[in-house]
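Per-entry structural report
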Amino acid sequence: KAGVTQTPRYLIKTRGQQVTLSCSPISGHRSVSWYQQTPGQGLQFLFEYFSETQRNKGNFPGRFSGRQFSNSRSEMNVSTLELGDSALYLCASSLTTGATDTQYFGPGTRLTVL
Amino acid sequence: AQTVTQSQPEMSVQEAETVTLSCTYDTSESDYYLFWYKQPPSRQMILVIRQEAYKQQNATENRFSVNFQKAAKSFSLKISDSQLGDAAMYFCAPGYTDKLIFGTGTRLQVFP
C-alpha cells in the first residue's frame, strides 16, 4: 500500500499571503489529522477530519482551516500568513477517528514565510 | 491538562548496546494508547511501537520494547542491539480520543 503523501514538499510564501497544503491518506483510511512542528513549540495538533467532517480541533487561530473530500484527501489552508507560521506541517492518516488508532504520517510540507 | 515529559533531551549509545528513553505523562483519561515515534533527519515520522493502556503486558517489536507502568504513568522505550540507523529524534505520544500529544523529544545518537 502506498503511504501518506503530502504536496507540495516545500513552499515559500510572503507575509499576508495564503497557502493550501494537500494530504492524501493511505488507501482505506478515513481520518486525516494535521500537526504543526516548530523548534519553539514542538509538535502541536491542528485538527482532524473524518468522513468529511472536522471532528477535533487544536488551539490555533481561525486563519488555520481545513477540509476533507469524499475520497478522504484533505487540504489545509492558512490565510494571512505570519512569520510565525513557518513550520513543518505533518498530516497523518488512520482508519478510525481519534488518536487511539495508529496514525501514519506523511513526509511533511516545509512552509517558509518571508 | 494532558502533559508529556521526556526528561532526556539527548542520549547517546554505542552500536550493539542497549539504551532506554524515558517518558512520563499525565492524564485523567481512562481510554488511551501510547506511541513512540522516531523522526530521522528526513523528518518523516515513523511509528516505532504502540501500547494499549488497558493491557498490562509490555509491547515488543523486534529490538524495541517498552516498560509501561500505568500507575506511575511511565512509558519508557528500550532499544536493544542499537544500530546506526536508530539515530533520530524519538517522540513519546499518548493518543487520546481526540488527538496525539507529543513530548519534546529525545535526540538519540549512535556511535560506532
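Before reading further, recall that the structure is shown in the block above.
Residues numbered from 1 in each chain as written. Chains lettered and ligands numbered in written order. Predicted model: local features only at pLDDT ≥ 70, side-chain atom pairs only at ≥ 80, totals over all residues. Heavy atoms only, no water.

1. Describing unusual backbone geometry
Residues and elements named next belong to chain A. Applicable threshold: Helix numbers and strand numbers start at the N terminus; a helix is a DSSP run of H or I with at least 4 residues, a strand a run of E with at least 2. Three exposure classes are used, based on accessible area relative to the maximum for each residue type with a 1.4 Å probe and protein chains only: buried under 20%, partly exposed in between, and exposed over 50%.
Geometrically, the link from Thr7 to Pro8 is a cis peptide bond, its omega value of -10° lying close to zero. Here the phi dihedral of Thr80 falls at roughly 45°; this positive angle occurs in a residue that is not glycine. Among the secondary structure elements, Thr80 is positioned in the loop between strand E8 (74–78) and strand E9 (87–94). Its relative accessible area of 47% is what places Thr80 among the partly exposed residues.

2. Quick look at the nonpolar core
Heads up, the condition is: Throughout this description, the term nonpolar core refers to a set of buried Ala, Val, Leu, Ile, Met, Phe, Trp, Tyr and Cys residues connected via side-chain atoms within 4.5 Å. Contact between two residues is taken to exist if any of their heavy atoms lie within 4.5 Å; hydrogens are not considered.
Judged by nonpolar contacts, the single largest core of 26 residues is most densely connected at B:Trp36, B:Phe75, B:Leu77 and B:Tyr90. Among all residues touching B:Tyr90, those that are not within four sequence positions of it are B:Gln6, B:Leu21, B:Trp36, B:Tyr37, B:Lys38, B:Val48, B:Phe64, B:Leu77, B:Ile79, B:Gly105, B:Thr106 and B:Leu108.

3. Side note on the interface of chain A and chain B
What counts here: Summed over both partners, the accessible area (1.4 Å probe) lost when two parts come together is defined as the buried area. Salt bridge, as used here: a side-chain nitrogen of Lys or Arg that lies within 4 Å of a carboxyl oxygen of Asp or Glu. Polar contacts, as counted here, are pairs of nitrogen or oxygen atoms within 3.5 Å of one another; within protein the pair requires one atom able to donate a hydrogen and one able to accept it, and residues that are adjacent in sequence qualify only if both atoms are side-chain atoms. Residues are grouped as follows: Ala, Val, Leu, Ile, Met, Phe, Trp, Tyr, Cys and Pro are nonpolar; Asp, Glu, Lys and Arg are charged; every other residue, Gly included, is polar.
With 18 residues of chain A in contact, the opposing surface of chain B contributes 19 residues. Carbon and sulfur atoms make up 56% of the surface buried where chain A meets chain B, a total of about 1600 Å² over both sides. Contact with chain B buries area across many residues of chain A, yet A:Leu43, A:Thr100 and A:Phe105 alone supply 35% of it, more than any other trio. For the pair chain A and chain B, the number of links is 0 salt bridges. At the surface where chain A touches chain B, the tally comes to 11 residue pairs in polar contact (both at pLDDT 80 or more). A total of 3 residues in the side of chain A that touches chain B trace back to one element, the largest contributor, which is strand E5 (residues 42–50) of chain A. Split into classes, the residues belonging to the side of chain A that touches chain B amount to 8 nonpolar, 7 polar and 3 charged.

4. What to know about the sheet that holds strand E3 (residues 19–24) of chain A
Residues and elements named next belong to chain A. Spelled out, the test is: Strands are treated as partners if at least two bridges between them are detected by DSSP. Helix axes use the C-alpha atoms of the stretch in contact, all axes being lines fitted to C-alpha atoms, and the angles between their N-to-C directions lie in the range 0 to 180 degrees.
An order of E1-E3-E8-E7 is seen for the 4 strands of this open sheet, with the pairing classed as antiparallel. Both edges of this open sheet fall to strand E1 (5–7) and strand E7 (64–68), since each of them pairs with a single strand only. Here the average twist between neighbouring strands, direction ignored, is 20°. Looking at chain direction, E7 and E8 are connected through 5 bridges and run antiparallel. Bridged to Gln68 within E8 is Ser74.

5. Here we look at the packing of aromatic side chains
Ring pairs (aromatic) are described by centroid distance and by the angle formed between their planes. To be explicit about the condition: Pairing of aromatic rings covers Phe, Tyr and the six-membered ring of Trp, with a centre-to-centre limit of 6.5 Å; geometry is then stacked below 30 degrees between planes, edge-to-face above 60, and tilted otherwise.
As enumerated under the stated definition, the model contains 15 aromatic pairs over all chains in all. Between A:Phe105 and B:Phe102, the ring centres sit 6.1 Å apart and the planes meet at 70°, which makes this aromatic pair edge-to-face. Taken together, the residues A:Phe105 in strand E10 (residues 104–105) and B:Phe102 in the loop between strand E10 (88–95) and strand E11 (106–111) connect one chain to another. The class of A:Phe105 is buried, set by a relative accessible area of 5%.

6. Side note on the pairing of strand E6 (residues 53–57) of chain A
Residues and elements named next belong to chain A. Relative to E6, E5 runs antiparallel, the two being bridged by 4 bridges. Paired with Glu48 across the strands is Asn56, a residue of E6. Remark: 2 residues form the turn of the hairpin made by E5 and E6, two consecutive strands paired antiparallel; Ser51 in that turn has positive phi of roughly 50°.

7. Thoughts on the side chain of A:Ser22
Residue and element names in this part refer to chain A. Note that Ser22 resides in strand E3. Exposure remark for Ser22: the relative accessible area of 12% places this residue in the buried category. Only 2.8 Å separates the side chain of Ser22 from the side chain of Arg73, close enough to count as a polar contact. In contact with Ser22, not counting residues within four places along its chain, are Thr5, Gln6, Thr7, Trp34, Arg73, Ser74 and Glu75.

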